[in-house]
Amino acid sequence: MKYIFVTGGVVSSLGKGLAAASIGTLLEHRGLKVLMQKFDPYLNVDPGTMSPYQHGEVYVLDDGAETDLDLGHYERFTSGVLSRMNNLTSGQVFDSVIRKERRGEYLGKTVQFIPHVTDEIKARIHEVAEKNPDVDVLITEIGGTVGDMEGLLFLEALRQYALEVGKENVCFIHVTLLPYIKAAGEAKTKPTQQSVAKLREIGIQPDIIICRTETDLDEDNRRKIAMFCNVERKNVVAFRDVDHSIYECPLDLRRDKIDRLVVDKIGLGHTPSPALESWERFVQRVIHPKHKVTIAVAGKYIELQDAYKSIYESLIHAGAHHDTKVHVVRVDTEEIEDKGAREVIGMVDGILVPGGFGDRGTEGKILAAKYAREKRIPYFGICLGMQIATIEFARNVCGLKGANSTEFDKATPHPVICLQEEQKGVEDMGATMRLGASQAILFAGTRAAQLYDNAERIQERHRHRYEFNSDYQERLQEKGLVISSVSADEGLVEIVELPDHPFYIGAQFHPEFQSKPNHPHPLFSGFVAAALEHAQREG
Ligand code: GLN
């Protein structure tokens, strides 16, 4: 196996994850089998317990791992199948070392950062390599910025690892920033030089330097960076701000032929140039669509760029499929509570209520769902958004006054959404939700089944504690709520829909974790199509 290690310098939020994912895309289009992973130096065991304010979205894998949102980029940009093995945190590393120490596995030795912690990190890379013998290239991105104390052990482990597997099998890529200084009228290379110096101090000489620039990388700066960072000039690569879409990133990096530089370094130079036509076509559809729809995403972390990352990406995928630009209006549902739904979301072609926890803004979400139902605006509820649709229907169509989820009102007279028995005694908050992929049965003749191309079974990813309360199933069905899917094992409600409505669907699972650029998720695709019809009707 060959290895690519991607580090970052100067500042965070450079798009290191996107750069890594884009390299994955390019290598895959050269016919290589790629697997991606992320090492995060923070002490949380996983990001599952972190607030979106800290961390953005928590991305859930098939096996139920709650991971960094960069794994979402990896799954969207490459086809490698990821598991909990592909997101290692310092929390996991230390947890494992301390457990081993308690079990006496270190045989009386003093347990130390080096070698015991670094060995633990290397062991993970070995394990991933061994479990995936068919993979040609393993790309590992290291979270954080070079120079952070907490990342040091990871970098030291990589340095050792490269030595052990042979430097000819490893490519170190460092992503840095070239800040543009207005007063000087030029982009500066000093921060890059300093951050590469930091890397070299700990024994890592990058093979390729990716320079994030607002504009372009001129020859003079390329020469300077090459000279002072000890790399060949051609190995200094520009990573420009893309104009329209993150899916342009692989095409941008291809301009300096980064994939060629990588394969030459790791002895895979015989692979053909990447065939990027279908990716390019997708990007063209994203950038120059024929139609336009406006969709409100009505949640509580609306001001955060990354809190609903996968949902925004899924809307882009579905939009491209329908040659449509999806203009997203981010709506804080507390505003709907204050001003009313018509004022805030009266102009949109579709309303999407995403997942969420805690009761802030839920009444506003219920108002949004009601507005969508009554005004026949396409509605798509995801996880909490499905629970909201159920509560709204129970209250306003079935007349169940005060119906609610026990998450928001423990004493509700009508707990239409409640905890399952096995969730009742749970005290640990980490990794104890219903998590990961499971199978569900689709009922023929429903809108959902039609969208899934009449599949009988589907597999979708979950991340929630509360469920549709089966005690209320009949009462809601009598009034017209259709249950279009239930879980294959326990019969838990997975999808609800309203038949006499242009599009009104709530899914208990998270379809946004399985949408890909050229394969939009069927529910997103159906939602955007319905929104487009709405726009054309209204317009
Ligand atoms: N808070 C809800 C639950 O735990 C919904 C979770 C979600 O939307 N991811 O069931």
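A brief structural summary. Since the model is a prediction, treat every value here as computed from it, not as a measurement. (Residues numbered from 1 in each chain as written. Predicted model: local features only at pLDDT ≥ 70, side-chain atom pairs only at ≥ 80, totals over all residues. Heavy atoms only, no water.)

For the rest of this paragraph, the subject is the sheet that holds strand β16 (residues 404-405). Hydrogen bonds between backbone groups are what pair the strands of a sheet, and the pairing can be parallel or antiparallel. Pairing within the open sheet is mixed, and its three strands lie in the order β16-β17-β20. Each having just a single partner strand, β16 and β20 (466-468) make up the two edges of the open sheet. Bridge count for strand β17 (residues 415-419) against β20 is three bridges, and the pairing is antiparallel. What sits directly across from I417, in β20, is F468. Helix-sheet contacts for helix α16 (residues 384-396) involve β16, β17 and β20, and the interaxial angle to β17 is about 145°. (Pairing = 2+ DSSP bridges. Helix = DSSP H or I, 4+ residues; strand = E, 2+ residues; numbered from the N terminus. Contact = heavy atoms within 4.5 Å. Axes fitted to C-alpha atoms, helices over the stretch in contact; angles between N-to-C directions.)

This paragraph deals with the packing of aromatic side chains. With the rule as written, the count across this model stands at 18 aromatic pairs. Seen in terms of ring centroids, F77 and Y247 are 5.3 Å apart; in terms of plane orientation they differ by 20°. Their pairing is stacked. Of this pair, F77 sits in helix α3 (residues 70-77) while Y247 sits in the loop between β11 (236-240) and α9 (249-255), and the two are 170 residues apart along the sequence. For F77, a relative accessible area of 2% gives the class buried. The interplanar angle of 85° and the centroid separation of 5.2 Å between the aromatic rings of Y247 and F282 together place this pair among those described as edge-to-face. One end of the pair, Y247, is in the loop between β11 and α9; the other, F282, is in helix α11 (residues 277-287), and 35 residues separate them in sequence. (Phe/Tyr/Trp six-rings, centres within 6.5 Å; stacked < 30°, edge-to-face > 60°. Buried < 20%, exposed > 50% of the residue type's maximum accessible area, 1.4 Å probe, protein only.)

On to unusual backbone geometry, then. In the segment running from I114 into P115, the intervening peptide bond is cis, with an omega of 15°. In this structure, P115 sits in helix α5 (residues 113-131). The phi dihedral of C383 falls on the positive side, at around 55°, and the residue is not glycine. Within the secondary structure layout, C383 lies in the loop between β15 (379-382) and α16.

Moving on, we come to the environment of H270. When you line up the elements, H270 lands in the loop between α10 (258-265) and α11. For H270, a relative accessible area of 64% puts it in the exposed group. Spatially, the C-alpha atom of H270 lies 9.7 Å from that of R30, the residues being 240 residues apart in sequence.

We now examine the sheet that holds strand β13 (residues 324-332). The nine strands lie next to each other as β13-β12-β14-β15-β23-β22-β21-β18-β19, forming an open sheet whose pairing is mixed. Edge positions in the sheet fall to β13 and β19 (457-464), since each of these pairs with one other strand and no more. Here the strands of the sheet are splayed against their neighbours by 25° on average, with no regard to which way each runs. When strand β22 (residues 493-497) meets strand β23 (residues 504-507), the two strands line up antiparallel, connected through three bridges. Its bridge partner lying in β23, E497 is registered against I505. Sitting on the sheet, helix α15 (residues 362-375) touches β12 (291-299), β14 (350-353), β15 and β23, and the angle it makes with β14 is about 150°.

If you check α5, its first and last C-alpha atoms are 26 Å apart, about what 19 residues at 1.5 Å a residue would give, namely 27 Å. By the burial criterion, the buried members of α5 are H116, V117, T118, E120, I121, K122, R124, I125, V128 and A129. Summarising the contacts, the buried residues of α5 are in contact with β1 (2-8), β2 (34-40), β5 (87-89), α4 (90-102), β6 (137-142) and α6 (152-165). (Expected span 1.5 Å × (residues − 1).)

Looking now at the pairing of strand β10 (residues 208-213). Burial of β10 is extensive: five of the six residues sit out of reach of the surface. Bridge count for strand β7 (residues 170-177) against β10 is five bridges, and the pairing is parallel. Bridge pairing links T176 to C211 in β10. The sheet contact formed by β10 and β11 spans five bridges and is parallel. Paired with I210 across the two strands is V237, which belongs to β11. Remark: the β10/helix α8 (residues 219-229)/β11 crossover connection has right-handed handedness. (Right-handed = clockwise from strand over helix to strand, strands pointing away.)

Under the defined criterion, the tally for this structure stands at zero disulfides. Summary of cysteine pairing: C229 is not part of a disulfide, and the nearest cysteine sulfur, belonging to C211, is at 7.9 Å. Overall, the relative accessible area of 0% leaves C229 in the buried class. C249 carries a free sulfur, and the closest cysteine sulfur to it, the one in C211, is 15 Å from it. A residue is classified by how much of its surface remains accessible, and C249, at 4% relative accessible area, is buried. (Disulfide = S-S within 2.5 Å.)

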